[in-house]
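# Observations on chain architecture
If you want the building blocks of each chain, they are given just below.
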Amino acid sequence: MNPLDVPPDPAVPFRPSSGQRGTGFLTEPLRLGTTPSATVGPYLAIGLTWPDGEWAAAEGAEGGIWIRGRVLDGAGDVVPDAMIETWQADPDGGFASPEDPRGAASYPGFRGYARAQTLTGEFAVHTLKPGRVPDGEGGLQAPHIDVSVFARGILDRVVTRIYFADEAAANAEDVVLRSLPDDAARETLIAVPTEDGYRLDVRLQGDRETVFFAV
Amino acid sequence: MTGTTSAGGLHLPRYVREPAALRTPVGFPDYRSTALRAPLRTPVDLPHRLTEITGPVLGEDRVAPEDADLTLRNGGEAVGQRILVYGRVLDSDGRPVPDALVEVWQANAAGRYRHVVDNWPAPLDPHFDGLGRVVTDSLGRYEFMTIKPGAYPWGNHHNAWRPAHIHFSLFGRAFTQRLVTQMYFPDDPLFGQDPIYNAIPPAARHRAVSRYSLERTQDNWALAFEWDIVLRGTEQTPFETDDDGDVA
């Protein structure tokens, strides 16, 4: 065939038969499928152990508190191969993250993130009590910490929050706590004061199952 | 994606979730360990606010150059088939995720983990710890040199063997992007009877399986497998503010 032998134009102009084909435009945003999650398995200590994991606030940081608790299964037994991770604002309500549209905050001796395992039967995180953060609905959220829980037997991390029992007034205004059905549900998120900080158990199942969030 | 401030207010991204039909469920009955551990109540929807759209920055200071080569530990060479595992970390909008900490852990060539709980009688390898860490480059790329992990029995059911896999942990840029997952190898004959693999909805399973890469296989040295990891992408939604544009 002679490549210069151009065929005549068709009598009818070309019209794509559907929006999906031939227009050169995508009709929906391009999306890649996300990678599916999987259980962290029983051997998470190999890959996810850090010597400084539990120190969201450095040792000796002013106002440092310990948040301790257990992770319990549906039989009420301690889960010794779980890991929790916490993420939170600093005492001024800022985040040590470039994604905070107000600008990344920095606070002396504080990184906002901790990772703790439950090998001893409980987790322990050294941190600072977070400040209040805008809720996007014209108010302020009560001081809170976002928590991820990972364990063998959980195929996708589960997410909860820690609030503080001695913040009753702020808790009463908090949009997330207010959205929960009853006080029993709210109770599962509220850490109680102890000698050196706060305590909150995470119950994966059962009558007092912790409220978990879809994020 | 970073939110923006302007006279009009503060806008926060919303991280889009994969439809439930394509996500791994938290619990899966054939995987026995879920019975007492996977929460039974429906999770409460948590709209994304500042805590959810921000996340820890965990980069270079977590990683040493030798962490990218799992085959050379404790003064010697690990036993097994060397493989290069590489790929990109992207979000579902197709944007690379640079400077992201990628942590991996795995069994050795005989299918045994260096962990006190793993006591099935396969040999430990003094030169294999099974731990690797790297940070993605400016294009979201990562790579590890490692040993192909073996399959191992795990007692979930009669004759239960886990397909060969490498555990991966990633943070992304926001709390909502946090991902712990497992990478599998193509055409593993053990997929059919593995409840952890089969908990992934069928249409998404291929995303957990790496691709044999002839182009990166190293002559006389190592096979190569490519695996791209996709974290959740974003959608911009307005964040209400007061009249001054300050966050209320």
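Below is a summary of the structure that appears in this document. (Residues numbered from 1 in each chain as written. Chains lettered and ligands numbered in written order. Predicted model: local features only at pLDDT ≥ 70, side-chain atom pairs only at ≥ 80, totals over all residues. Heavy atoms only, no water.)

Across its full length, chain A holds four helices and 13 strands. Across the 215 residues that make up chain A, the buried fraction comes to 53%. Long-range pairs, those at least 24 residues apart, make up 66% of the contacts in chain A between residues at least 6 apart in sequence. Counting every atom, chain A has about 9900 Å² of accessible surface; 53% of that belongs to carbon and sulfur. (Helix = DSSP H or I, 4+ residues; strand = E, 2+ residues; numbered from the N terminus. Buried < 20%, exposed > 50% of the residue type's maximum accessible area, 1.4 Å probe, protein only. Contact = heavy atoms within 4.5 Å. Areas by Shrake-Rupley, 256 points an atom, 1.4 Å probe, with all protein chains shown as cover.)

Moving on: the overall build of chain B. Check the secondary structure of chain B and you find two helices and 17 strands. When its C-alpha atoms are laid out on the principal axes, chain B stretches across 70 × 40 × 35 Å. Across the 248 residues of chain B, 53% fall into the buried class. A sequence separation of at least 24 residues applies to 71% of the contacts in chain B between residues at least 6 apart. Here chain B displays about 10900 Å² of accessible surface, and carbon together with sulfur accounts for 55% of that area. Here chain B contributes 25 positive and 32 negative side-chain charges, whose respective centroids are spaced 7 Å apart. (Lys, Arg positive; Asp, Glu negative; His and termini not counted. Charge placed at Lys NZ, Arg CZ, Asp CG, Glu CD.)

As a further point, take the pairing of strand β3 (residues 82-88) of chain A. Residues and elements named next belong to chain A. Most of β3 is tucked away: seven of the seven residues are buried. Here β3 shows a buried face lined by Ala82, Ile84, Thr86 and Gln88 and a second buried face lined by Met83, Glu85 and Trp87. Bridge count for β3 against strand β8 (residues 145-151) is seven bridges, and the pairing is antiparallel. Residue pairing in the sheet places Ile84 in a bridge with Val149 of β8. Pairing of β3 with strand β4 (residues 113-117), which is carried by five bridges, proceeds in the antiparallel orientation. (Pairing = 2+ DSSP bridges.)

Here we take up empty space enclosed by the protein. Residue and element names in this part refer to chain A. The tally for this structure, following the rule as stated, stands at three cavities of 30 Å³ or more. Quantified by volume, the largest cavity comes out at close to 80 Å³. Among the elements that line the lining of the largest cavity, the one with the most residues is β3, at three residues. Considered class by class, the residues forming the lining of the largest cavity number six nonpolar, two polar and two charged. In this structure, the second largest cavity spans a volume of roughly 50 Å³. Considering the residues around the second largest cavity, the lining is formed by 13 residues, among which Asp90, Phe95, Ala96, Ala105 and Phe110 are closest to the centre. In terms of residue class, the lining of the second largest cavity is made up of seven nonpolar, four polar and two charged. (1 Å grid on protein atoms, 1.4 Å probe; cavity = no way out; pocket = protein on both sides within 12 Å on 5 of 7 lines; lining within 4 Å. Points joined across faces, edges and corners; volume = space filled by probe spheres on them. Nonpolar A, V, L, I, M, F, W, Y, C, P; charged D, E, K, R; others polar.)

It is worth spelling out the pattern of salt bridges at this point. Evaluation of the coordinates by the stated rule reveals 33 salt bridges over all chains. Salt-bridge contacts for Glu99 of chain A lead to Arg173 of chain B; the nearest nitrogen and oxygen are separated by 3.3 Å. Residue Glu99 of chain A is found in the loop between β3 and β4, and its partner Arg173 of chain B is found in the loop between β12 (165-170) and β13 (179-184); the two belong to separate chains. Since its relative accessible area comes to 3%, Glu99 of chain A is described here as buried. Across the pair Glu167 of chain A and Lys129 of chain A runs a salt bridge whose closest N-O atoms are separated by 2.8 Å. Of this pair, Glu167 of chain A sits in the loop between β9 (158-164) and α2 (168-173) while Lys129 of chain A is found in the loop between β5 (123-127) and β6 (133-134), placing the two residues 38 residues apart along the sequence. (Salt bridge = Lys/Arg side-chain N within 4 Å of Asp/Glu carboxyl O.)

Turning next to the sheet that holds strand β7 (residues 101-105) of chain B. The strands that make up a sheet are held in pairs by hydrogen bonds between backbone atoms, and each pair lies either parallel or antiparallel. All names here are of chain B. A sheet is described by the order of its strands in space; here four strands give the open sequence β8-β7-β12-β13, paired in antiparallel fashion. At either margin of the open sheet sits one strand with a lone partner, and together these are β8 (131-135) and β13. Neighbour to neighbour, the strand axes of the sheet diverge by 20 degrees on average, direction disregarded. (Axes fitted to C-alpha atoms, helices over the stretch in contact; angles between N-to-C directions.)

Now for the packing of aromatic side chains. Two numbers describe a pair of aromatic rings. These are the distance of the centres and the angle of the planes. This model, assessed by the stated rule, comprises 20 aromatic pairs over all chains. Each residue in the set Tyr142, Phe144, Phe168 and Trp227 of chain B is aromatic and connected to the rest through ring pairs, giving one cluster. A cation over an aromatic ring shows up here: Arg62 of chain B above the ring of Trp50 of chain A, its NZ or CZ 4.0 Å from the ring centre. Cation over ring: Arg216 of chain B sits above Tyr86 of chain B, and NZ or CZ is 4.5 Å from the ring centre. (Phe/Tyr/Trp six-rings, centres within 6.5 Å; stacked < 30°, edge-to-face > 60°. Lys NZ or Arg CZ within 6 Å of the ring centre and 35° of its normal.)

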